[in-house]
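Chain by chain, the residues run as shown.
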Amino acid sequence: MKLATYKDGSRDGQLVVVSRDLSTAHYATGIAHKLQQALDDWNFISPQLQDLYVTLNQGKARHAFPFDPAQCMAPLPRAYQWADGSAYINHVELVRAARDSEVPHSFYTDPLMYQGGSDDFIGPCDDVVCPSEDFGIDFEAEIAVITGDVPMGTTPEQALDGIRLLMLANDVSLRNLIPAELAKGFGFFQSKPATAFSPVAITPDELGDAWQGGRVHLTLQSTWNGRKVGMCEAGPEMTFHFGQLIAHIGKTRNVRAGSIVGSGTVSNKGVEIDGRKEWPKGYSCIAEKRAIETILDGKPSTAFMKYGDTIRIEMKGKDGQSLFGAIDQKIAPPRSAAAQVAAPRGG
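Criteria and thresholds
Residues numbered from 1 in each chain as written. Predicted model: local features only at pLDDT ≥ 70, side-chain atom pairs only at ≥ 80, totals over all residues. Heavy atoms only, no water. Helix = DSSP H or I, 4+ residues; strand = E, 2+ residues; numbered from the N terminus. Buried < 20%, exposed > 50% of the residue type's maximum accessible area, 1.4 Å probe, protein only. Axes fitted to C-alpha atoms, helices over the stretch in contact; angles between N-to-C directions. Parallel < 35°, antiparallel > 145°, perpendicular 65-115°, else oblique. Left-handed = near helix turned anticlockwise from the far one by under 90°. Contact = heavy atoms within 4.5 Å. Pairing = 2+ DSSP bridges. Phe/Tyr/Trp six-rings, centres within 6.5 Å; stacked < 30°, edge-to-face > 60°. Lys NZ or Arg CZ within 6 Å of the ring centre and 35° of its normal. Salt bridge = Lys/Arg side-chain N within 4 Å of Asp/Glu carboxyl O. Core = buried A, V, L, I, M, F, W, Y, C linked by side-chain atoms within 4.5 Å.

Caption draft 1: Summary view of unusual backbone geometry. Its identity as a non-glycine residue notwithstanding, Leu 22 has a phi of 65°, on the positive side. Inspection of the secondary structure assignment puts Leu 22 in the loop between strand E2 (14–18) and strand E3 (24–27). The exposure class of Leu 22 is buried, given its relative accessible area of 14%. Non-glycine residue Asn 225 carries a positive phi angle of around 50°. Residue placement: Asn 225 occurs in the loop between strand E16 (219–224) and strand E17 (227–233). Accessibility expressed as a relative area gives 42% for Asn 225, which makes it partly exposed.

Caption draft 2: The arrangement of the packing of helix H3 (residues 89–98) against helix H7 (residues 286–297) in detail. At a minimum axis distance of 8 Å, the contact between H3 and H7 shows a crossing angle of 45°. Judged by the angle between their axes, H3 and H7 are oblique. In this structure, H3 crosses over H7, and the sense of that crossing is left-handed. Here Asn 90, His 91, Leu 94, Val 95, Ala 97 and Ala 98 of H3 lie close against H7, whose contacting residues are Glu 288, Ala 291, Ile 292, Thr 294 and Ile 295.

Caption draft 3: Layout of the sheet that holds E16. Taken in spatial order, the 5 strands make up an open sheet running E7-E22-E21-E16-E17, and their pairing is mixed. In the strand order of this sheet, the two ends are held by strand E7 (128–129) and E17, each with one partner.

Caption draft 4: Structural view of the side chain of Ser 19. Looking at the element boundaries, Ser 19 is found in the loop between E2 and E3. Classification of Ser 19 as buried rests on a relative accessible area of 2%. Dropping the residues within four chain positions of it, Ser 19 is found in contact with Lys 2, Thr 24, Tyr 53, Leu 56 and Asn 57.

Caption draft 5: Highlighting the packing of aromatic side chains. The final tally for this structure, using the stated rule, is 9 aromatic pairs. Between Tyr 6 and Tyr 27 the ring centres are 6.2 Å apart and the planes differ by 90°, which places this aromatic pair in the edge-to-face class. With Tyr 6 in strand E1 (residues 2–6) and Tyr 27 in strand E3, this pair connects stretches of sequence that are 21 residues apart. When its relative accessible area of 34% is taken as the criterion, Tyr 27 is described as partly exposed. Centre to centre, the rings of Phe 121 and Phe 197 are 4.9 Å apart; their planes meet at 85°, and the pair counts as edge-to-face. Taken together, the positions of Phe 121 in the loop between strand E6 (113–116) and E7 and Phe 197 in strand E12 (residues 196–197) put the pair 76 residues apart, joining distant regions of the chain. Residue classification places Phe 121 among the buried residues on the basis of a relative accessible area of 8%. An aromatic cluster is defined as three or more aromatic residues linked by ring pairs; in this entry it consists of Tyr 6, Tyr 27, Phe 65 and Phe 67. Sitting over the ring of Phe 188, Lys 192 keeps its end group 5.3 Å from the ring centre.

Caption draft 6: Spotlight on the pairing of strand E21 (residues 310–315). In this structure, E16 lies alongside E21, joined through 5 bridges in antiparallel fashion. Its bridge partner lying in E21, Gln 221 is registered against Glu 314. With 4 bridges joining them, E21 and strand E22 (residues 327–332) adopt antiparallel strand pairing. By the bridge assignment, Thr 310 is partnered in E22 with Lys 330.

Caption draft 7: Fine view of the pattern of salt bridges. Counted by the stated rule, this structure contains 15 salt bridges. Between Arg 276 and Asp 297 there is a salt bridge, with its nearest N and O atoms 3.7 Å apart. Here the residue Arg 276 occupies a position in strand E20 (residues 276–278), and Asp 297 occupies one in helix H7, the gap between them amounting to 21 residues. One salt-bridge network, in which partners are shared between bridges, spans Asp 138, Glu 140, Asp 171, Arg 175 and Lys 192.

Caption draft 8: Representation of H3 within the structure. By the burial criterion, the buried members of H3 are Ile 89, Asn 90, His 91, Val 92, Leu 94 and Arg 96. Asp 100 sits one or two residues past H3 and shows a positive phi near 55°.

Caption draft 9: Expanded view of the nonpolar core. Phe 67, Ile 143, Leu 207, Met 315 and Phe 324 are the most contacted members of the largest nonpolar core, which totals 60 residues. With 4 residues, helix H6 (residues 242–249) is the largest single contributor of residues to this core. Contacts of Phe 67, omitting those with residues within four sequence positions, involve Ala 4, Tyr 6, Val 18, Leu 22, Ser 23, Thr 24, Ala 25, Cys 72, Pro 199 and Val 200. In terms of nonpolar packing, the next biggest core, distinct from the first, is built from 31 residues, Ala 38, Trp 42, Tyr 114 and Ile 146 among them.

This is how it looks when you write it as structure tokens:
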């Protein structure tokens, strides 16, 4: 089934069930008002949501209405936990190669992960608001899962059973703030502003045979300012599958229902074409494009995002239909600054 959260002026919005083709929706009122409520009592509530989903797809839901992604908050507008991994080691290899740094061996056996802010996610069509273009604004196209309760010490295979829903993510990074933060030895903080998620979160069965071994074997599309820059395959080169990422969190603590776990930037290896390394699948973040340019040409030539830039992130099924709806955002200054930019100058 497919679930979304509609804006209603509250912090947590209203849970809605969305049709498979993303054309219609129906409030889940009477079953669960919020997604967290459903996650907390999944075995009891999810069959009721599934029944409504079936009725909606059959065109028999009495109070169905046209689905509008612009009215969506993040499917889970705030979460108990947002832990983002770096499951595509090729991404790490590229970034490190660009600065002549080797990848430690442990990176191939022990997942990288950071704890992000989970109190203020933004919707799929909300602006990415950044105080300054000088911060190095970058998108990161990712896949994420929402878990149920997963006990401490769970194996990677067992952890897969704890996955309730999947969605897409734009894990925005402020690249020019990262070096100083990492130099302190405590990791990301101000360099990782609010994350955006796709309009809908879907249960794994919606992926069919594309969901294999904790990986999504489909193409993640990134379109920057109307130009498609990434057609990255999300499955084959995911070094650590979602079960391994969840088990990594659960090594020393319980993982509670409503935890969100991200894949990190989806990344594919380059290939040799006429004696030159090329990356025909493109990229899922600008930092990776700049790393490729540095490796090939000695320096980066692609600038980070500016105010007014747009980013669209989407994944389609084998039938060509959008699975999660699209993250479709614009980069914007804070409102006060935007008002000053828009204000006419005196003569």
